Structure formats: structure tokens, C-alpha cells
Amino acid sequence: MSACNILFAGFGGQGILFAGKFVAYKGLLENKQVSWLPSYGPEMRGGTANCSVIVSDEPIGSPIVGKPDVLVAMNLPSLDKYENEVVSGGKIFIDSTLITRKVERTDVDVFYIPATEIANEKGMSTLANMIITGKLLKEVPMIGFDGIDAPLSKVVSARHQDLLEVNKTALKLGYDY
Amino acid sequence: MGEKVLMKGNEAIAESAIRAGCMHYFGYPITPQTEIAAYMAKRMPKVGGVFLQAESEIAAINMVLGVAATGKRVMTSSSSPGVSLKSEGISYIAGSDVPALIVNVQRGGPGLGGIQPSQSDYFQAVKGGSHGDFKKVVLAPASVQEMADLTATAFDLADKYRVPAMILADGTLGQMMEPVELPDSAPKAFDKPWALTGTKCQRKHNICNSLYLKPEELEKTNFERFARYKEIEENEVLFEEYLMDDAEICVVSFGITARVAKNAIVEARAKGIKVGMIRPITLWPFPEKVLRAAADKCKAFLSVEMNMGQMIEDIKLATECKKPVYLCNRTGGMIPSPEEVLAKIVEINEGGDR
């Protein structure tokens, strides 16, 4: 069975849940089974935020990602907490602006993207999440980069449709990095 | 049916309720069900309905009783400690023989407990939960789609039998998003000659009341009510069977833990262990017949729950203790992992845990 278990993790305000929702919607529009489960409660209010996203060809059992195939870590506590949970052969995406240490494991593929730095340089400081997601789309074939427009227009709220282009640009910046 | 959209379980309940013709929502905020109230606050004014944030859970449930007496579809939602506060009103709704929907998006307890998901209100939901001889229909969704579908079912059953119905969900199901298809069809209509709608001086007035000072009368209404409960038990049991054809071990689990158990069952099957699952969808009425039949075929049962073992008692009753019933549980807001459930299945298969 083909399934991709993704864990997005960072701190509140980085758009962790948004990035996860985008990936889930992309799967949905491609007729895959998807689930999205956020952390909720006190840790979201100023602490770590994370969300489990599963994209699968088969019906999804547990929506909780305990052993991710793909980890997106956007701050150090998230990497410290989840590095050892990633399955062997899995992929870790790191915002290397905010996480200066390297991944210790050698049995996973690691991608270091200075997403926050790129976002600041390009004047899109709130979109580091989408830059790192762009890289994920490139490196995780089950998700893929084709067809990003439709899911973007679903997750960008109706009154912010002017932000579609900049989100797209952010995804491309990550894809090309 | 419309297109598939991504929705939180809480939002799916709210939207489905509106589509089922529920134009009255009364509530009081509590995590992790807040999205239901938030969604209602946004949508109800646009569809000509009523959203009212009451001064307390107790006020909200009594407003529900008031609208229910008029025969209009009405609901409230809360989470565990809030549902305890509503319990008096739920008994009054049952005693007044009026339909209403109560949603419990459970969190850890007892007391104020925590805010992470739990199933520890099972006893409260299915064993009455407040004073008097009464039951309520209790539905346990296990997906966002079921959060929507069973909300409509709950309204229908409540109307059909004039009973309170409860959706017993948990924080995970409330917060998670999955694709959901919402019905476009018109809600089912039920005749409600008992409703308090104004007589226009053309009929005898109806009375909605739960006070009977003559014991003979109270006994009679209780007997009549339990005759309806009997019909519900005979006609409205819902469950899902998963890989049960050749199963030697039967997992019994509802709601989110049934999803976790499914992962474990797939893994166990890969190891050659013959294991399946019966997932109660109605917790009351409990799927007793299918469990009793399974007790003749299977060698053991495993209850997977997020509490200290509550449904396990109903499994033992249903199976008449013919086979051992084991427990795999976490509590206090913790969720069992598929690995934990798998380990338990393996242990039972090897004849351990006696």
C-alpha cells in the first residue's frame, strides 16, 4: 500500500498547519485519501505546533503520524523531538536558518533549506513554510509539484486571493533551491 | 451529494446539523469542541437560524429542552466537564419525551481533566449519565464523514423515537480534517402531533412535562418509554465488521481507537494472525447480537479504548463471558499507538495475558 506519512513541526505562527492543509488538499484534489490532524491546546499558544498529514492510495486508519516518512522541522525543539521517530529511509526537511545543527542520523535523506532567510530576502517573511513545502513537493514524488494552483486556491481564504501568486512564488523558490 | 471538501470533524457536525434542518443551537465554549459553536455563530445568522451562547452549559441545555418541546430540531455541543453540567437537562429532555441532539467531543477526565482526546465518558453516555430510568441513542463516529452522516442519523432517530440522541466523539475526531461529502437532500420530515406549537383554539393543548406526582402514572410513562427503547434496540443497531470472516481474535473498538486498531490489525494479518474487528457505531443500542455470535467463533476479544476499560463491561455482557475479553487502553488524553495494540494482539495470539 502506498502512503506518505508527513509530520510538519515548528512553532505557532510559522504556518505549520497551513502548509499541512495545502498538502492535504493537493492529495484530495488528486483523488487520494488524506487526513490532517493538528496539535491543539496550550502548546499551540506560543510553543510548538505540529500537524500530521497522511496522503494515501488506501483508506487511512489512524490519522496520527507517530513514525513519519517525511518530517518538516522548522525549529530546533521539533527536530530534537522527532528526529529519531522518522522511519529509516525517510526524509527530513530542515529550515537551516532556524536550526543550525545537523541531523545526526545517517539512514535518512536530509534537505537543508534556509527557508526563513530566503523568505526575508524576498520580502515574504511569513512564507518560509511554503518555501520549505516547495522543496518537499519536489523531493516527495507521492505529493509532487504539478497542479499546485487548485489546492492553493482552496486553502488561501476567499478574501486573501490576492496572496495566491506570492504563495506560488514561495513554493517555486523552494522547488528551485 | 456535493463535492468533497476538507473539513474539521467539528465543522462537519455543525454543517450537517444545519442541513438536517437544525435551526437552533445553544452552547457554551469549551475545548476541544469550540469549532462547532464557532461555525454555528458564523452560519446560523446567514440561514435564518438561531445561535445563542448561553451564560452556562446548564442554561444552554434548558434552552434546548424549550425548543425541543416545540418540535423544532435543536442541538447543543460540549466536551466532557460541560456535558456533566448538562446532565440534569438531558434527563429532563428524556423525561419529557422530546427529541434533541447533544454532542460530546470528549476530553480527558475526571474533574476538569485535560483537553486532549479521551473516551472516558462512555459510562456517562450509555448508562444514563443522570438520574432516572432513561436511555439515549449514542452514536460513535470514527471519521469526519461519519461525524457528518451520524449527525443526520441522530436527528432522525431522536425525532422517530422522541428521545435525546448523543454524538460521542473525541478531541481527535473534532480537530482532524478529512474529505467529507455533505448531503444536498432535504431532511426527513416527522409528524409531531405532540409539539407545543400553539393551538389557535382549534385543538386540545399539548403538555410538555417530566413531573408525574402519581407513581402509577410515572410508572406507566416509564414502561411506555422502555417499549420504545425496545424498538430502538431491535431496529437501530449499527456496527462495522472488519476482516471478521475467519477471525480468531476479535478487536472491539469505537471512534478514533478503531482507526488505530485497524492499522494494528493490518500489521497482525501480515504476520499471519487471524484477527478482525467489530466496531460499534451505536454504543446504545450496543451491537450485542453480532458480538454474541462472534463469541462462538473467536477465541478471545480485545477491547481497545481511551479510558480505564468501560466498554469492556458491555462486551463481557454481550458475549456472556464465553471467551476472555482483554483490554488495551490509554487514558488521560493519551492515544494508544498501533504498535501497542499490535503487541497486545500478538500476546493474546500466543496465549499470554491470562
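Computed from a predicted model, the values in this text were never measured in an experiment.

A few points about the pattern of salt bridges
Residue and element names in this part refer to chain B. One pass over the full model with this rule turns up 32 salt bridges over all chains. Residue glutamate 240 pairs with lysine 262 through a salt bridge whose shortest N-O separation is 3.0 Å. Of this pair, glutamate 240 sits in strand β9 (residues 239-242) while lysine 262 sits in helix α9 (residues 256-270), placing them 22 residues apart in sequence.

Looking at the packing of aromatic side chains
Applying the stated criterion across every chain yields a total of seven aromatic pairs over all chains. Three or more aromatic residues joined by ring pairs form one cluster here, namely Tyr122, Phe123 and Phe254 of chain B. It is lysine 138 of chain A that lies over the ring of tyrosine 175 of chain A; its NZ or CZ is 5.1 Å from the centre. Lying over the aromatic face of tyrosine 242 of chain B, lysine 262 of chain B brings its terminal NZ or CZ to 4.8 Å of the ring centre.

Considerations on the interface of chain A and chain B
With 20 residues of chain A in contact, the opposing surface of chain B contributes 23 residues. Surface buried jointly by chain A and chain B totals about 1,700 Å² across both partners, of which 68% is contributed by carbon and sulfur atoms. Considering only the surface of chain A that becomes buried against chain B, Leu28, Trp36 and Tyr40 of chain A emerge as the three largest contributors, covering 35% of it. Linking chain A to chain B there are one salt bridge. Between lysine 154 of chain A and glutamate 3 of chain B there is a salt bridge, with the nearest N and O atoms lying 3.6 Å from each other. Inspection of the region where chain A meets chain B yields eight residue pairs in polar contact (both at pLDDT 80 or more). Looking at the side of chain A that touches chain B, the elements that each hand over two or more residues are α1 (16-29) and β2 (33-38) of chain A. Among the residues making up the side of chain A that touches chain B, the classes are represented as twelve nonpolar, four polar and four charged.

What to know about the sheet that holds strand β12 (residues 282-284) of chain B
Residue and element names in this part refer to chain B. Reading across from one edge, β3-β2-β4-β5-β7-β6-β12 is the order of the seven strands in this open sheet, with mixed pairing throughout. For this open sheet the edge positions go to β3 (50-53) and β12, each flanked by a neighbour on one side alone. Each neighbouring strand pair of the sheet contributes to a mean axis angle of 20 degrees, computed without reference to strand direction. Relative to strand β7 (residues 164-170), strand β6 (residues 137-139) runs parallel, the two sharing three bridges. By the bridge assignment for β7, valine 138 is matched with methionine 166.

Notes on the pairing of strand β3 (residues 48-56) of chain A
Within a regular beta strand, the side chains point alternately toward one face of the sheet and then the other, so they alternate between its two faces. All names here are of chain A. The element β3 is largely enclosed, with a buried count of eight among its nine residues. Summarising the sheet, strand β1 (residues 3-11) and β3 pair through nine bridges and their orientation is antiparallel. Following the sheet pairing, phenylalanine 8 is matched in β3 by cysteine 51. Alignment of β2 against β3, held across six bridges, turns out to be antiparallel. Residue pairing in the sheet places serine 35 in a bridge with isoleucine 54 of β3.

Structural notes on the pairing of strand β13 (residues 300-305) of chain B
Residue and element names in this part refer to chain B. Among the six residues that make up β13, six are buried, leaving the element largely enclosed by the rest of the structure. Burial along β13 is two-sided: the face carrying Ala300, Leu302 and Val304 and the face carrying Phe301, Ser303 and Glu305 are both buried. Where strand β10 (residues 249-253) meets β13, five bridges bridge the pair, whose relative direction is parallel. Note on β13: the bridge partner recorded for valine 252 is serine 303.

Brief notes about the packing of α9 of chain B against helix α12 (residues 338-349) of chain B
All names here are of chain B. Where α9 meets α12, the closest approach of the two axes is 8 Å, and the angle between their N-to-C directions is 50 degrees. Overall, the two elements α9 and α12 adopt an arrangement that is oblique. Remark: the crossing between α9 and α12 carries right-handed chirality. In this structure, α9 uses Val260, Ala261, Asn263, Ala264, Ile265, Glu267 and Ala268 to contact α12, whose residues at the interface are Pro338, Val341, Leu342 and Ile345.

Calculation criteria
Residues numbered from 1 in each chain as written. Chains lettered and ligands numbered in written order. Predicted model: local features only at pLDDT ≥ 70, side-chain atom pairs only at ≥ 80, totals over all residues. Heavy atoms only, no water. Salt bridge = Lys/Arg side-chain N within 4 Å of Asp/Glu carboxyl O. Helix = DSSP H or I, 4+ residues; strand = E, 2+ residues; numbered from the N terminus. Phe/Tyr/Trp six-rings, centres within 6.5 Å; stacked < 30°, edge-to-face > 60°. Lys NZ or Arg CZ within 6 Å of the ring centre and 35° of its normal. Contact = heavy atoms within 4.5 Å. Buried area = accessible area lost by both parts, 1.4 Å probe. Polar contact = N/O pair within 3.5 Å; in protein donor to acceptor, adjacent residues only side chain to side chain. Nonpolar A, V, L, I, M, F, W, Y, C, P; charged D, E, K, R; others polar. Pairing = 2+ DSSP bridges. Axes fitted to C-alpha atoms, helices over the stretch in contact; angles between N-to-C directions. Buried < 20%, exposed > 50% of the residue type's maximum accessible area, 1.4 Å probe, protein only. Parallel < 35°, antiparallel > 145°, perpendicular 65-115°, else oblique. Left-handed = near helix turned anticlockwise from the far one by under 90°.

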